[in-house]
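Observations on the model geometry
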Amino acid sequence: MDGIDKRILAIVQTDADAPIAEIAEKAGLSQTPCWRRLKKLQEDGVIQRRVALLNPEKLGLPIVGYVRIHAKEHSEAWLDAFAKAVRDIPEIVECHRMTGDVDYLIKVVAPGMDGYDAIYKRLIRKIDMADVSVNFSMERLKDTTELPLTYLEGA
């Protein structure tokens, strides 16, 4: 990976729909070599996928909750059941296994408090947990999918 790849990544993570001609021009390449590099970045898994980012408020999902979960047990069977439950609830948009005093942290989007309560009830029906608590976001100060590219080796 070099400086040109870094420029390509900076462009596509800002606008995944940018035409190859625009990406090539901004990266300082002609279109064919740029397209090859873009394909290689995808094949190597550096670019996982190209998506459209939707506005949750415009979709009727203004509530963002961060749910802290303490597992009832730490078995492979429980983890498999938990992972399936999380995958089956579309309002759960992120789930992380954590270090420290919380086992899992889940990000949930919801249409309101009643909507969150319905999501919570679906989750507790599917999996037995020792403790569940939630904090709701009052204001989004930063929301980006752009990753810093300063740590790329050789770039």
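Everything below is about the structure printed above this text.
Quick summary incoming for the structure in this document. Values in this document were obtained by computation on a predicted structure and should not be read as measured data. (Residues numbered from 1 in each chain as written. Predicted model: local features only at pLDDT ≥ 70, side-chain atom pairs only at ≥ 80, totals over all residues. Heavy atoms only, no water.)

Focus on the layout of surface pockets
- There is about 1500 Å³ of room inside the largest pocket.
- In terms of lining, the largest pocket is formed by 34 residues, of which the most central are Arg49, Val51, Leu53, Thr144 and Thr145.
- Elements with a contribution of two residues or more to the lining of the largest pocket: helix 1 (3-14), strand 2 (92-97) and strand 3 (104-110).
- The biggest single contributor to the lining of the largest pocket is helix 1, with 4 residues. (1 Å grid on protein atoms, 1.4 Å probe; cavity = no way out; pocket = protein on both sides within 12 Å on 5 of 7 lines; lining within 4 Å. Points joined across faces, edges and corners; volume = space filled by probe spheres on them. Helix = DSSP H or I, 4+ residues; strand = E, 2+ residues; numbered from the N terminus.)

Brief notes about the side chain of Asp103
- Examined against the element boundaries, Asp103 turns out to sit in the loop between strand 2 and strand 3.
- The buried charged residue Asp103 lacks any salt bridge partner; its closest oppositely charged side chain belongs to Arg97, at an N-O distance of 8.1 Å.
- Only 2.6 Å separates the side chain of Asp103 from the backbone nitrogen of Ala71, close enough to count as a polar contact.
- For Asp103, the residues in contact, after removing those within four places along its chain, are Ile69, His70, Ala71, His74, His96, Arg97 and Met98. (Buried < 20%, exposed > 50% of the residue type's maximum accessible area, 1.4 Å probe, protein only. Lys, Arg positive; Asp, Glu negative; His and termini not counted. Salt bridge = Lys/Arg side-chain N within 4 Å of Asp/Glu carboxyl O. Polar contact = N/O pair within 3.5 Å; in protein donor to acceptor, adjacent residues only side chain to side chain. Contact = heavy atoms within 4.5 Å.)

Describing the pairing of strand 1 (residues 63-71)
- In this sheet, strand 3 lies alongside strand 1 in antiparallel orientation, the contact comprising 7 bridges. The residue of strand 3 that forms the bridge with Tyr66 is Lys107.
- Bridge count between strand 1 and strand 4 (residues 129-136): 7 bridges; the pairing is antiparallel. In the sheet register, His70 faces strand 4, and the bridge partner there is Asp131. (Pairing = 2+ DSSP bridges.)

Don't take any of this as a statement about function, it's just geometry.
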